[in-house]
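# Commentary on secondary and tertiary structure
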Amino acid sequence: MDFSRLQTSSKIGDDWVYPEAEARRSGWLTVDSDPGHRVYWEDYGNPAGEPVMVLHGGPGGACSPAMARYFDPDRYRIILFDQRGCGKSEPNVAAAGPAAALARNTTADLIGDIEKLRDHLGIAGRMHVFGGSWGSTLSMAYAIAHPDHCANLILRGIFLGAAEDLLYLYQGNAATWHEDPFGLTAPGAYIHYPDEWRALLEVLSVEERRDVMRSYKAIFDMVPATAEEKERQLAAAVTWSLWEGTISNLIPEAGDTGKFGEAGFALCFAQIEAHYFAHDLFLEPGHFFRHIDTLAAIPVHIVHGRFDEVCPLTQASRLVAALRGAGAEPATYVVTNAGHSAMERENALALTAIMDGLPPLAP
């Protein structure tokens, strides 16, 4: 019997509210020197509309034109940009290597880049800040640094980046996996994706599995001396990328790995993520909770998939509880029957509905 018809896609498909469009303008902005970082940006929608700054995930995920489809193009001016080291920004990790692309690549640098891009594009007043996953992290960090520039925070798949959050995603039962691959010895995304977990761990030795993130970073930091070492480094990057890309979907589509299986994307995505994770996202522990009063003064809209295994719902729960403790109910809090990806139908439609329902931003 053919069971393939029983599996349906959770992706947005043809149900977008707004059509795909081309950018009105695009270009590169030099944001730093030594190394000379240039970020690539695109400008969509109404040039006189309410500005929306879209912050992609990862870190290292880069933007795509589909990210402009959550917004009414007649109402909004939509800004997409590739963060340092990835996508079309230069230097790019895959093309120039990590030594150049990861230099001066921190959360503070990215916050500064947003400010420089605002100035370059003539955005003088408040803007909507829209980000998912790592983009939600960066959105909140930006809002804490520049609250007067934020009209609304629209956040999907909250990622707080605490040690426990990363252990859930990357460590799980890895240390004892060789003894009992199916042992539920610790919480983790591996419980729901055992085959993908096997692929992630088989890159590493038994000893290396004691600290999965550290071991993968050591592979990424290696300067390959042989073709075999270079091949292992690329294979590790693709495996790391596929792990997150696959489990981002409530219903992974067999054989459809999208950009996560592409060598150039994977090298950027994996190495930039490992770089940020090894440095605690370049944020002090508890950063968001120490500054919760600043976030509470801004309307915060949250969409989170109940079945999100990349950023479990507990992360949104912690943020919502902190906002309420500061005396501010989230402006919107929607828990969808979806996973992590912004391209899942329920998440995409909820985000679009929030943007359609925002009160008009005064000129």
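These lines cover the structure that appears in this document, whether it is placed above or below. Keep in mind the model is a prediction, meaning the values are calculated, not measured.

Here Arg 69 is to be found in the loop between β3 (50–55) and β4 (76–81). The side chain of Arg 69 is buried and forms no salt bridge, while Glu 20, the nearest opposite charge, is found at 4.2 Å. Polar side-chain contacts of Arg 69 include one of 2.9 Å to the backbone oxygen of Tyr 18. Here Arg 69 is in contact with Trp 16, Tyr 18, Pro 19, Glu 20 and Thr 352, once residues within four sequence places are set aside.

This part is about the packing of helix α6 (residues 194–202) against helix α8 (residues 227–247). With their axes 9 Å apart at the nearest point, α6 and α8 run at an angle of 160° to one another. Of the possible angle classes, the one that applies to α6 and α8 is roughly antiparallel. You can see that α6 and α8 cross each other, and the crossing is left-handed. Counted together, Glu 196, Trp 197, Ala 199 and Leu 200 of α6 and Thr 239, Trp 240, Trp 243 and Thr 246 of α8 form the full contact between these two elements. Among the residues making up the contact of α6 with α8, the classes are represented as 5 nonpolar, 2 polar and 1 charged.

Taken as a whole, the largest pocket encloses approximately 1100 Å³ of empty space. Top element by residues in the lining of the largest pocket is α8. It accounts for 6 residues. A per-class count over the lining of the largest pocket returns 19 nonpolar, 18 polar and 8 charged. The space that makes up the second largest pocket amounts to roughly 560 Å³. The wall of the second largest pocket is formed by 25 residues, among which Gly 161, Ala 163, Leu 166, Phe 277 and Asp 280 lie closest to the centre.

What follows concerns the packing of aromatic side chains. Aromatic ring pairs are reported here in terms of the distance separating the ring centres and the angle at which the planes meet. With the rule as written, the count across this model stands at 20 aromatic pairs. On the numbers, 5.7 Å between centres and 75° between planes, the contact of Phe 220 with Trp 240 is edge-to-face. Linking Phe 220 in helix α7 (residues 212–221) with Trp 240 in helix α8, this pair joins segments that are 20 residues apart in sequence. Members of the aromatic cluster, each reached through a chain of ring pairs, are Phe 159, Tyr 170, Tyr 216, Phe 220, Trp 240 and Phe 277.

A separate point is α6. All of the buried residues in α6 are Trp 197, Leu 200 and Leu 201. Looking straight down α6, one finds that the buried residues subtend no more than 90° of arc, so they occupy a single side. Here the buried face of α6 lies against α5 (163–170), α7 and α8.

A separate point is the nonpolar core. Core analysis: the largest hydrophobic core is formed by 85 residues, its most contacted members being Leu 153, Tyr 216, Trp 240, Trp 243 and Leu 295. The leading source of residues in this core is helix α9 (residues 263–278), at 9 residues. Residues in contact with Tyr 216, not counting those within four places in the same chain, are Leu 200, Val 203, Leu 204, Ala 236, Thr 239 and Trp 240. Residues Met 67, Tyr 70, Phe 71 and Ala 342 belong to the second largest nonpolar core, which totals 22 residues.

Before going further, it helps to examine the pairing of strand β6 (residues 150–156). The element β6 is largely enclosed, with a buried count of 7 among its 7 residues. Pairing of strand β5 (residues 127–132) with β6 involves 6 bridges; the strand directions are parallel. Bridging from a neighbouring strand, Val 129 pairs with Leu 153 of β6. In terms of handedness, the path from β5 via helix α4 (residues 134–145) over to β6 forms a crossover that is right-handed.

Right, let's talk about the sheet that holds strand β7 (residues 300–305) for a bit. Strand order across the open sheet formed by 8 strands is β1-β2-β4-β3-β5-β6-β7-β8, with mixed pairing between neighbours. Strand pairing shows two members of the sheet lacking a second neighbour, β1 (25–30) and β8 (332–336), which therefore form its edges. Going from strand to strand, the sheet's axes swing by 20° on average, the running direction of each strand aside. Where α4 meets the sheet, it contacts β3, β5 and β6, and its direction lies at approximately 145° from that of β5.

What counts and how
- Every chain is numbered independently, its residues counted from 1 as its sequence is written.
- Owing to the predicted nature of the model, reporting of local features is limited to residues with pLDDT of at least 70; listing and counting of side-chain atom pairs is limited to 80 or more, with chain, interface and lining totals taken over all residues.
- To obtain the side-chain values, all non-hydrogen atoms of the structure were included, while hydrogens and water were left out.
- Strands here mean DSSP runs of E at least two residues long; helices mean DSSP runs of H or I at least four residues long; both are numbered from the N terminus.
- Burial classes: relative accessible area under 20% of the type maximum marks a residue as buried, over 50% as exposed, and values in between as partly exposed (1.4 Å probe, protein chains only).
- Positive: Lys, Arg. Negative: Asp, Glu. His and the chain ends are not part of the count.
- Here a salt bridge means any side-chain nitrogen of Lys or Arg lying within 4 Å of a carboxyl oxygen belonging to Asp or Glu.
- Identification of polar contacts relies on pairs of N or O atoms within 3.5 Å, with a donor-acceptor requirement for protein atoms, meaning one able to donate a hydrogen and the other able to accept it, and with residues adjacent in sequence counted only if both atoms are side-chain atoms.
- Any two residues whose heavy atoms approach within 4.5 Å at even a single point are treated as in contact.
- Fitted lines through C-alpha atoms give the axes, limited to the stretch in contact for helices. The angle between two N-to-C directions lies from 0 to 180 degrees.
- Any angle that falls under 35 degrees is termed roughly parallel, while one over 145 is termed roughly antiparallel, one within 65 to 115 roughly perpendicular, and all others oblique.
- The hand of a helix crossing depends on one turn: near helix anticlockwise from the far one by less than a right angle means left-handed, and clockwise means right-handed.
- The residue classification treats Ala, Val, Leu, Ile, Met, Phe, Trp, Tyr, Cys and Pro as nonpolar and Asp, Glu, Lys and Arg as charged. All others, Gly included, are polar.
- Here a cavity denotes grid points, spaced 1 Å and computed from the protein atoms alone, that fit a 1.4 Å probe unable to get out, and a pocket denotes an open set having protein on both sides within 12 Å along at least 5 of 7 lines; residues with an atom within 4 Å of a point are the lining.
- Grid points are joined across faces, edges and corners, and a volume is the space filled by probe spheres set on the points.
- Aromatic pairs are defined between Phe, Tyr and Trp rings, using the six-membered ring for Trp, whenever the two ring centres lie within 6.5 Å; interplanar angles under 30 degrees are classed as stacked, those over 60 as edge-to-face, and all others as tilted.
- The arc in question is the one spanned by the directions pointing from the helix axis to the C-beta atoms.
- Here the nonpolar core consists of buried residues drawn from Ala, Val, Leu, Ile, Met, Phe, Trp, Tyr and Cys, with membership extended through side-chain atoms lying within 4.5 Å.
- Strands are treated as partners if at least two bridges between them are detected by DSSP.
- With the strands pointing away from the viewer, any crossover whose connection runs clockwise from the first strand over the helix to the second is right-handed.

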